[in-house]
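# Examining the three-dimensional arrangement
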Amino acid sequence: MTNRNSAPAAIEGSKIQLKGQDIKPGAYPIKIKERTMFPVNTYKQATGTILEESNPKTFILRPYSMLDKNDGISGKKLWGLSSNPLRNLTIGGLGRTSSHPGQDQTLNGNFCYLEIVEGWRGLPPLKHPKEELFTQFSLS
Amino acid sequence: MEEIITTDFGNQYLSVRSDSNLTEQAFAVAFSTTIAYEFVNLFFENRVLRHVIKNQWRSFKYNQEYIQFLLGGYSEEEFLKIAENYALPFAKIDNVQLTRGASVVLHVLGETVTSGDLSSLLNIDPLVLETALESYPFVSKSKEIEEE
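Below: a short report on this structure. (Residues numbered from 1 in each chain as written. Chains lettered and ligands numbered in written order. Predicted model: local features only at pLDDT ≥ 70, side-chain atom pairs only at ≥ 80, totals over all residues.)

### Observations concerning the overall build of chain B
Each helix and strand in chain B was counted, giving six helices and two strands. In sequence order, chain B lays out its α and β elements as β-β-α-α-α-α-α-α. Of all intrachain contacts in chain B linking residues separated by at least 6 positions in sequence, the fraction that spans at least 24 positions is 46%. (Helix = DSSP H or I, 4+ residues; strand = E, 2+ residues; numbered from the N terminus. Contact = placed C-beta atoms within 7 Å.)

Following this line, the structure appears as structure tokens:
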């Protein structure tokens with residue numbers, strides 16, 4: 001059982017427990033290796049844990065994905081894919097804190113995936129992209 | 001006779017198609033870096049924004065179907081068939097184009113977004129986006145500052 005809370009970290013499995021405070025479906029589905037996958041985003045904070053391993057237990061999307069049961073990731077913002085569309089989020093169960101009732105959802109299907117896009121320590125202290133980007137490009 | 005004149009502005013290349021009668025004018029344009037950049041940037045921004053609008057229109061139509069499903073208008077089987085029609089593989093764009101595309105989007109939005117959000121707008125795998133943007137110091141990529 002491994003838990004990681006800093007990027008790059010990802011989990012892949014056939015069933016993933018996702019709990020957090022702001023779970024949202026993403027844009028239109030993505031076709032990956034003939035599978036139709038539904039994107040999912042979580043903001044604020046979230047944790048993902050593998051409930052069932054993939055069969056066969058090999059990574060599909062990222063070479064650094066963790067694949068064992070009970071492996072997990074947590075961070076401020078996660079991005080992932082589910083074989084089934086999100087529906088019926090459970091409120092008031094897992095992911096609850098003193099200030100938020102919490103939301104949870106089990107991603108299931110042949111293949112589910114979650115990765116950290118922003119960890120607990122947040123993003124690097126960046127210069128504002130709006131100012132920086134065009135300097136970069138116009139001078140290069 | 002038609003020829004392609006390629007001019008190197010640092011790392012940027014501008015190709016101008018020209019025939020012998022227009023060579024002088026073509027060079028005049030090619031060597032005017034300001035004009036060239038304005039032209040290339042406008043052209044490129046236009047392409048990126050068209051791509052984003054098309055993506056967002058697709059998302060909008062899909063979300064209508066998704067809401068209909070959540071409201072009970074479709075069974076799960078029906079919805080999965082509909083969703084199948086909207087599914088697209090991630091677009092494959094080279095790193096230079098991708099970095100510039102991301103810059104246009106960030107400039108328009110005026111806020112920091114994650115690679116997951118950019119992925120939705122550009123239909124690019126977040127890891128590919130992060131890899132492409134990694135060499136730029138401004139990047140709001142997922143990777144944290146590794147302290148260890």
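### A word on the overall build of chain A
If you tally the helices and strands in chain A, you get one helix and 11 strands. Along the chain direction, N to C, the helices and strands of chain A fall in the order β-β-β-β-β-β-β-β-β-β-β-α. Across chain A, the fraction of contacts at a sequence separation of at least 24, relative to all contacts at a separation of at least 6, is 77%.

### Digging into the environment of Gln45 of chain A
Residue and element names in this part refer to chain A. With respect to the secondary-structure elements, Gln45 resides in the loop between β5 (35–42) and β6 (46–52). Residue classification places Gln45 among the buried residues on the basis of 20 C-beta atoms within 10 Å. Remark: the alpha-carbon pair of Gln45 and Gly92, spanning 47 residues in sequence, is separated by 15 Å. Those residues in contact with Gln45 that sit more than four places away from it in its chain are Gly20, Gln21 and Lys76. (Buried ≥ 20, exposed ≤ 12 C-beta atoms within 10 Å, placed from the backbone.)

### Brief notes about the pairing of strand β8 (residues 72–75) of chain A
Residue and element names in this part refer to chain A. Direction of pairing for strand β1 (residues 3–4) relative to β8: parallel, over a ladder of two bridges. Residue pairing across strands places Asn3 opposite Gly72, the latter belonging to β8. With four bridges joining them, β6 and β8 adopt antiparallel strand pairing. The residue bridging Ala46 from the neighbouring strand is Gly75, located in β8. (Pairing = 2+ DSSP bridges.)

### Some remarks on the environment of Arg58 of chain B
Looking at where Arg58 of chain B falls in the secondary structure, it is placed in helix α2 (residues 33–70). Under the C-beta neighbour-count criterion, Arg58 of chain B is labelled partly exposed, with 15 such atoms within 10 Å.

### A few points about the nonpolar core
By size, the foremost hydrophobic cluster in this structure holds 25 residues, and its most contacted members are Ile11, Ile16 and Leu114 of chain A. Beyond its immediate sequence surroundings of up to four residues, Ile11 of chain A is in contact with Ile16, Gly48, Ile50, Ser65, Met66, Asp71, Gly72, Ile73 and Leu114 of chain A. Among the nonpolar cores identified, the runner-up in size contains 13 residues, and Val105, Leu122, Leu129 and Leu133 of chain B belong to it. (Core = buried A, V, L, I, M, F, W, Y, C linked by C-beta atoms within 7 Å.)

### Description of the environment of Ile116 of chain A
You can see Ile116 of chain A is positioned in strand β11 (residues 103–118). Once the C-alpha coordinates of Ile116 of chain A and Thr47 of chain A are considered, the two residues, 69 residues apart in sequence, prove to be 9.4 Å apart.

### What to know about helix α6 (residues 126–133) of chain B
Counting buried positions over the eight residues of α6 of chain B gives six, a clear majority of the element. For α6 of chain B, the complete set of buried residues consists of Pro126, Leu127, Leu129, Glu130, Ala132 and Leu133 of chain B. Those residues of α6 of chain B that are buried are in contact with β9 (77–82) and β11 of chain A together with α4 (95–109) and α5 (115–122) of chain B.

### A look at the packing of α4 of chain B against α5 of chain B
Residue and element names in this part refer to chain B. Put simply, α4 and α5 touch, their axes get as near as 11 Å, and they point 100° apart. As far as their axial angle goes, α5 and α4 are roughly perpendicular. Residues Gly101, Ala102 and Val105 of α4 form the contact with α5, whose own contacting residues are Leu118, Leu121 and Leu122. Classifying every residue of the contact of α4 with α5 gives five nonpolar, one polar and no charged. (Axes fitted to C-alpha atoms, helices over the stretch in contact; angles between N-to-C directions. Parallel < 35°, antiparallel > 145°, perpendicular 65-115°, else oblique. Nonpolar A, V, L, I, M, F, W, Y, C, P; charged D, E, K, R; others polar.)

### Concerning the pairing of β6 of chain A
Residue and element names in this part refer to chain A. Where burial is concerned, most of β6 is hidden: five out of the seven residues are buried. In this sheet, β6 lies alongside strand β2 (residues 10–20) in antiparallel orientation, the contact comprising six bridges. Directly across from Ile16, in β6, lies its bridge partner Ile50.

### Thoughts on the packing of α4 of chain B against α6 of chain B
Packed helix pairs are characterised by how far apart their axes lie and by the angle those axes make with each other. Residues and elements named next belong to chain B. Packing of α4 against α6 brings their axes to within 9 Å, and their N-to-C directions diverge by 95°. By the angle between their axes, α4 is roughly perpendicular relative to α6. Here Asn95, Leu98, Thr99 and Ala102 of α4 lie close against α6, whose contacting residues are Leu129, Ala132 and Leu133. Taken together, the residues of the contact of α4 with α6 sort by class into five nonpolar, two polar and no charged.

### Structural notes on unusual backbone geometry
In this structure, Pro8 of chain A follows Ala7 of chain A across a cis peptide bond, with omega equal to 5°. Note the cis peptide between Asn55 of chain A and Pro56 of chain A, where omega equals 0°. If you check the backbone angles, Glu34 of chain A has positive phi at about 70° while not being a glycine. For Glu34 of chain A, the location among the structural elements is in the loop between β4 (30–32) and β5. Of note, Asn123 of chain B is a non-glycine position whose phi angle comes to about 55°, a positive value. With respect to the helices, strands and loops of the structure, Asn123 of chain B is situated in the loop between α5 and α6.

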